[in-house]
Amino acid sequence: MQAAKAAGSAATAMPVPGATAEIVAFRPPMRPALQRIADAARHTVSVVLPPLIVMSITLLVWQLLCSEPGARLPPPTKVVSDAWDFIVHPFYDNGGIDKGAFWQISKSLGRVGIGFSLAAVVGIALGVLVGQSTWAMRGLDPIFQVLRTVPPLAWLPLSLAGFRHSDPSALFVIFITSIWPIIINTSVGVRNIPQDYRNVAAVIRLSWWEVFWKITLPATVPYIFTGLRIGVGLSWLAIVAAEMLIGGVGIGFFIWDAWNSSRISDIIVALVYIGIVGFLLDKLIATVGHFVSHGVAAQ
Amino acid sequence: MSPYLKFEQIGMSFRRGQMATEVLRDVNLRIDQGEFVSMFVHSGCGKSTLLNILGGLLKSTSGEVFLEGKVVDEPGPDRAIVFQNHSLLPWLTVYGNIAIAVDKVFGGSQGKGKNKAERHDWVMHNLELVQMAQAKDKRPHEVSGGMKQRVGIARALAMQPKVLLMDEPFGALDALTRAHLQDSVMEIHAKLGNTVLMITHDVDEAVLLSDRVVMMTNGPAATIGEILAIDLPRPRRRLELATDPEYARCRAAVLEFLYARHRVPARAAA
């Protein structure tokens, strides 16, 4: 019955192929394209809308809470009008420590860059050592576990005593803060290299150096980058705090200086900048890690 | 004439604290050059142990393995292993996984040295042997399980080993892919004449591929229970063999050992 019906409709469709072809040929290409644009728009809206709503509500509540006379903190509108010069002129340089946001942040970033790079090199090397040698692990691991809980700023007086200068002391604080997660993650990665990979290396008789370069390092890359991500976040936390104490140019001391001259709006803008830069640092390391590990995830 | 590959009185026990477990005892086996030998080893009865001893990854507690009259005491490319789970390096491409072995084995100027172009040709040659040349730039996670195992086989073959060791190479594959790869291995064996030692759990696979099937008794202290010679002419075709009386006899003999006779020593021990 149904088959007969289908055959019948096919038969009736045959004499007028042009009419059906027109509909079939023109409408589908239009619809998927429109559909795709609509889907993309809907997706964008669903991603962008929630944070926008939450941010608007936050700003609104903030505005309402701080608008009454005698409020101790400025509302968002006042922050923008007070700090307008600071926001729109990030590149000004009046000498001394009176510089724009760009220079302040790049000075801090430069310190993080040096301290964190040193921590990465030393941390990965120590991590591989601790991961490969049971003896080194037993000897060093307790020390690491104790030292890594020391807060960054607690190191500052000691490093000032050692280095006698504020700049190397700040670098040392970044170094000592970010090195622990790098060491620990690298050593876990090395310890977790599957026995299969070691067997392969043994069968083709790779030398110690080749095993390190061609097996250990690539197999550990996902773990290393987990450590680097945590480390870069910690070092960005540490530099802002350390700069408050050592003074000079840098976003940390900028905040302290603003507090001393009651420029509360500048502090708020600086906080936003610090948050954004920290977020970008994290994304940068994550992206490099993804690229370097060819998408091979940690097991 | 001394045999090509010889297991002599191999024994292995593992010690864990006060407990010592004897896994293998008095394993004696002689394999000729070009022979294809399968081994039936019960799970947990020294399957990988035996292969790792031959591979040089483990040192036996007693006895020695001789390859061409020389004692085997370290891993090396003359005993290439096709690992059960392929063991490809995930950060290298299919090509890179074979090239790392080829560059190391043939890289030096001594003996088997090849220059860069020759090494590239040799990698491609081995990829073509297992029909994987078209996927050379893919990474292991981008190809199927059967393809990974093909690459594993190509990597082992590329080392030009004296003995090819296969540790349940097709265990994790579906039946159709497995049959396909078995045919490939038979073709390659016919073409290159390698000496092959394969650990397997598959009766049909053992009978189809091997010149001899070595059946190990139950552990602990597993040893060789029986050796069955498979006198089927090569090349062998699985469809024709399905109705071959000699094939059926060999298959029945292996099954009988597995399900009836291997239990006897176990019962005696208990």
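Cut-offs used in this document
Residues numbered from 1 in each chain as written. Chains lettered and ligands numbered in written order. Predicted model: local features only at pLDDT ≥ 70, side-chain atom pairs only at ≥ 80, totals over all residues. Heavy atoms only, no water. Helix = DSSP H or I, 4+ residues; strand = E, 2+ residues; numbered from the N terminus. Buried < 20%, exposed > 50% of the residue type's maximum accessible area, 1.4 Å probe, protein only. Contact = heavy atoms within 4.5 Å. Areas by Shrake-Rupley, 256 points an atom, 1.4 Å probe, with all protein chains shown as cover. Rg over C-alpha atoms; globule rule 2.2 N^0.38 Å. Pairing = 2+ DSSP bridges. Axes fitted to C-alpha atoms, helices over the stretch in contact; angles between N-to-C directions. 1 Å grid on protein atoms, 1.4 Å probe; cavity = no way out; pocket = protein on both sides within 12 Å on 5 of 7 lines; lining within 4 Å. Points joined across faces, edges and corners; volume = space filled by probe spheres on them. Nonpolar A, V, L, I, M, F, W, Y, C, P; charged D, E, K, R; others polar. Parallel < 35°, antiparallel > 145°, perpendicular 65-115°, else oblique. Left-handed = near helix turned anticlockwise from the far one by under 90°. pLDDT = per-residue confidence, 0-100.

Brief notes about the overall build of chain A
Here comes step 1: When its secondary structure is counted, chain A shows 12 helices and 0 strands.
Here comes step 2: Starting at the N terminus and walking to the C terminus, you meet the elements of chain A as α-α-α-α-α-α-α-α-α-α-α-α.
Here comes step 3: Taking all 299 residues of chain A together, 34% fall into the buried category.
Here comes step 4: Counted over contacts in chain A with a minimum sequence separation of 6, partners at least 24 positions apart contribute 68%.
Here comes step 5: Carbon together with sulfur atoms contributes 72% to the accessible area of chain A, which is approximately 17600 Å² in total.

Quick notes on the overall build of chain B
Here comes step 1: On a plain count of helices and strands, chain B comes out with 9 helices and 10 strands.
Here comes step 2: Its C-alpha atoms give chain B a radius of gyration of 19 Å, within 12% of the compact-globule value 18 Å for 270 residues.
Here comes step 3: Residues classed as buried in chain B amount to 52% of the 270 residues present.
Here comes step 4: Of the contacts formed within chain B by residues at least 6 apart in sequence, a portion of 70% connects residues at least 24 apart.
Here comes step 5: Carbon together with sulfur atoms contributes 52% to the accessible area of chain B, which is approximately 12500 Å² in total.

Overview of the sheet that holds strand β5 (residues 70-71) of chain B
Residues and elements named next belong to chain B.
Here comes step 1: Ordered by their spatial adjacency, 4 strands build an open sheet running β2-β1-β4-β5, and the pairing between neighbours is antiparallel. Sheet topology places β2 (19-31) and β5 at the edges, where each strand pairs with a single neighbour.
Here comes step 2: Across the sheet, helix α1 (residues 47-55) touches β1 (5-16), β2 and β4 (62-67), and the angle it forms with β1 is around 120 degrees.

Some details on empty space enclosed by the protein
All names here are of chain B.
Here comes step 1: Tallying each qualifying case throughout the model produces 3 cavities of 30 Å³ or more.
Here comes step 2: The computed volume of the second largest cavity comes to approximately 50 Å³.
Here comes step 3: Lining the second largest cavity, in full, are Ile-153, Leu-157, Leu-164, Met-166, Val-185, Ile-188, His-189, Asn-194 and Val-196.
Here comes step 4: Of all the secondary structure elements, the ones that give two or more residues to the lining of the second largest cavity are α4 (145-158), β7 (163-167) and α5 (175-192).
Here comes step 5: The element that contributes the greatest number of residues to the lining of the second largest cavity is α5, accounting for 3 residues.
Here comes step 6: Class assignment for the residues of the lining of the second largest cavity results in 7 nonpolar, 2 polar and no charged.

Notes on the packing of helix α10 (residues 208-246) of chain A against helix α12 (residues 264-292) of chain A
All names here are of chain A.
Here comes step 1: Between α10 and α12, the least distance of the axes is 9 Å, while the angle of their chain directions is 165 degrees. By the angle between their directions, the pair α10 and α12 is classed as roughly antiparallel. For the pair α10 and α12, the crossing hand works out as right-handed. Along the contact surface, α10 presents Val-221, Phe-225, Leu-228, Arg-229, Val-232, Trp-236 and Val-240, while α12 presents Ile-274, Val-277, Gly-278, Leu-281, Asp-282, Lys-283, Ile-285, Ala-286, Val-288, Gly-289 and Val-292.
Here comes step 2: Residue classes in the contact of α10 with α12 are distributed as 13 nonpolar, 2 polar and 3 charged.

Thoughts on the confidence of the model for chain A
Here comes step 1: Taken residue by residue, chain A gives an average pLDDT of 86. The fraction at 70 or more is 88%.
Here comes step 2: A low-confidence stretch, residues 1-13 of chain A stays under pLDDT 50, and its non-local contacts, those more than four residues away or across chains, total 0 contacts.

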